Amino acid sequence: MEGVLSVFPNRKRKLHTTRSWDFMGFSQQVQRAQTVESDTIIGVFDTGIWPESDGFNDTGFGPPPAKWKGTCQASANFTCNNKIIGARYYRIDGVFSPDDIVSPRDKNGHGSHTASTAAGNPVNMANLYGLASGTARGGVPSARIAVYKICWSDGCHDADILNAFDDAIADGVDIISLSVGSHAHEYFNDAIAIGSFEAMRSGILTSTLAGNHGPRPSSISNIAPWLLTPDISAPGVSILAAWSLLNPVSEVKGDTRYVPYNIKSGASMACPHATGAAAYIKSFHPSWSPAAIKSALMTTESGKSAAQAFHRTVTNVGSPTSIYKLIVKTQLGLKIQVQPRVLQFKSFGQKKSFVVRIGATFAKKENIMISGYLVWDDGMHQNGMEESWKDAYEDVKILKTKKKKLHERLTNLKDGDESLFSMNGKKLKFHFDREGPNVANDPFEDPP
């Protein structure tokens, strides 16, 4: 149909988390760009948040960054502060279960766990009945948190995910953390791929999970190359982090044990570690693109001395005949060698390979991180990876869900109904199916 970008069901997706940061070599004494980190905003798409948790206390925090344009959605049982600077919740069909709390408050615990792993304040003597006792903290404890509650007792729906992306981009978040997945779909039929692509075009990196299925072929949930997964691995086993006091420690009905911190495992727990690491890099390099941050994470080495070689292949999606020259920026102690230093293309789609060798020698001072980056420049384009995404989709005006029209057209729909709504000037046919195909009845996945 002319003018229709894609037609896909309103699928239901699944939620897929004290010392993990130390395990990664990321101690409490690591060098920080404190002022910029405090201006960094992480948008957490999940089950909401438990605002009373010590990890979200705003003592010592100033007002929200001037760039923040979001809101704290009115609710009788929830208030924001200078740590949790914004909170919204989404349910496009307006149908809530008796088990749901109609506010950004987290009843499940999953959202509180992921948010505190990425950006929670340091909390001394956190533990689960004496287990994992220590200081629980996020990767960027000075960062602000914006909550986008997209998941309920029956799962997380695509229309709500797209709505949240639309708001988060307009609100001014710097990083989006999304510990949600399902089965992989073609990009134009995948709400997370669509939303994260629009976020990338706006300079916002989306960190999401690879999933808990497998190991077997094609078992990854989120595969779009502009995601911070599956390229990065991070700790996801037995992670202690904040929890909701409305969900028992075992998550089994009848259990009367409620705890402020719980130990969980799964890809959901790995995702916010990657989020925190990305936010940390952005605090030192606020102007870096999502591709540059992703590249830095994929080529980072730790230790007092380190050396590593990385083999990369790029594809020419610019001018058929073009010459890209290398630009390298490093900090003291870091050495980057690239061969070759010039890439000459003779046709569109031609591939060229290069090798990056990274060597580092750290000073005696421990717990310091150094970084650098490289850019391929042909005089018109920079950072070939990022530009290839933009150029490849240049004529496809995807995304940016328009909430008003969605609500007008879809709020009263029932299963099986269809409607049209506008997206970036295009009409999109939307088939409303609350369950979606090939989705298990249980909306939450077991850890591996």
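Scroll up for the structure.
Residues numbered from 1 in each chain as written. Predicted model: local features only at pLDDT ≥ 70, side-chain atom pairs only at ≥ 80, totals over all residues. Heavy atoms only, no water.

Caption draft 1: Region of the structure containing the pattern of salt bridges. Counting across every chain of the model gives 11 salt bridges. Arg 105 serves as the salt-bridge partner of Glu 52, at 2.8 Å between the closest nitrogen and oxygen. Of this pair, Glu 52 sits in the loop between β2 (41–46) and β3 (84–89) while Arg 105 sits in the loop between β3 and α3 (110–119), placing them 53 residues apart in sequence. We classify Glu 52 as partly exposed; its relative accessible area is 48%. (Salt bridge = Lys/Arg side-chain N within 4 Å of Asp/Glu carboxyl O. Helix = DSSP H or I, 4+ residues; strand = E, 2+ residues; numbered from the N terminus. Buried < 20%, exposed > 50% of the residue type's maximum accessible area, 1.4 Å probe, protein only.)

Caption draft 2: The packing of aromatic side chains, seen in detail. Tallying each qualifying case throughout the model produces 9 aromatic pairs. Relative to Phe 345, the ring of Tyr 324 lies with its centre 5.9 Å away and its plane at 90 degrees, an arrangement referred to as edge-to-face. Highlighted residues: Tyr 324 in strand β15 (residues 322–330) and Phe 345 in strand β17 (residues 342–345), separated in sequence by 21 residues. We note that Tyr 324, like Phe 345, is buried. Site record: aromatic cluster; members linked through ring pairs are Trp 21, Phe 26, Tyr 280 and Phe 284. When the ring centre of Trp 50 is taken as origin, the NZ or CZ atom of Arg 105, which lies over that ring, is 4.6 Å away. (Phe/Tyr/Trp six-rings, centres within 6.5 Å; stacked < 30°, edge-to-face > 60°. Lys NZ or Arg CZ within 6 Å of the ring centre and 35° of its normal.)

Caption draft 3: Local environment of the packing of helix α6 (residues 267–284) against helix α7 (residues 290–298). As a packed pair, α6 and α7 sit with axes 10 Å apart at the nearest point and diverge in direction by 115 degrees. Classified by the interaxial angle, the pair formed by α6 and α7 is roughly perpendicular. Where α6 crosses over α7, the two elements pack in a sense that is right-handed. Only Ile 293, Ala 296 and Leu 297 of α7 make contact with α6, whose side of the interface consists of Ala 274, Ala 277, Ala 278, Ile 281 and Lys 282. Here the residues of the contact of α6 with α7 sort into 7 nonpolar, no polar and 1 charged. (Axes fitted to C-alpha atoms, helices over the stretch in contact; angles between N-to-C directions. Parallel < 35°, antiparallel > 145°, perpendicular 65-115°, else oblique. Left-handed = near helix turned anticlockwise from the far one by under 90°. Contact = heavy atoms within 4.5 Å. Nonpolar A, V, L, I, M, F, W, Y, C, P; charged D, E, K, R; others polar.)

Caption draft 4: Spotlight on the sheet that holds β2. Read from one edge of the open sheet, 5 strands run β3-β6-β2-β9-β11, paired in parallel fashion. Every other strand in the sheet has two partners, leaving β3 and β11 (205–208) as the edge strands with one partner each. Averaged over all pairs of adjacent strands, the angle between their axes in this sheet comes to 20 degrees, without regard to strand direction. The pairing of strand β9 (residues 175–178) with β11 spans 4 bridges and is classified as parallel. Pairing of Leu 178 across the sheet is with Thr 208, part of β11. (Pairing = 2+ DSSP bridges.)

Caption draft 5: Local environment of the environment of Asp 378. Inspection of the secondary structure puts Asp 378 in the loop between β19 (372–377) and α8 (384–392). Each C-alpha atom, one on Asp 378 and one on Leu 343, is 9.3 Å from the other, the two residues being 35 residues apart in sequence. Sequence-distant contacts of Asp 378, that is, excluding residues within four places in its chain, are made with Ser 322, Ile 323 and Tyr 324. A polar contact is formed between the side chain of Asp 378 and the side chain of Tyr 324, at a distance of 3.4 Å. One polar contact links the side chain of Asp 378 to the main-chain amide nitrogen of Met 380, over a distance of 2.8 Å. (Polar contact = N/O pair within 3.5 Å; in protein donor to acceptor, adjacent residues only side chain to side chain.)

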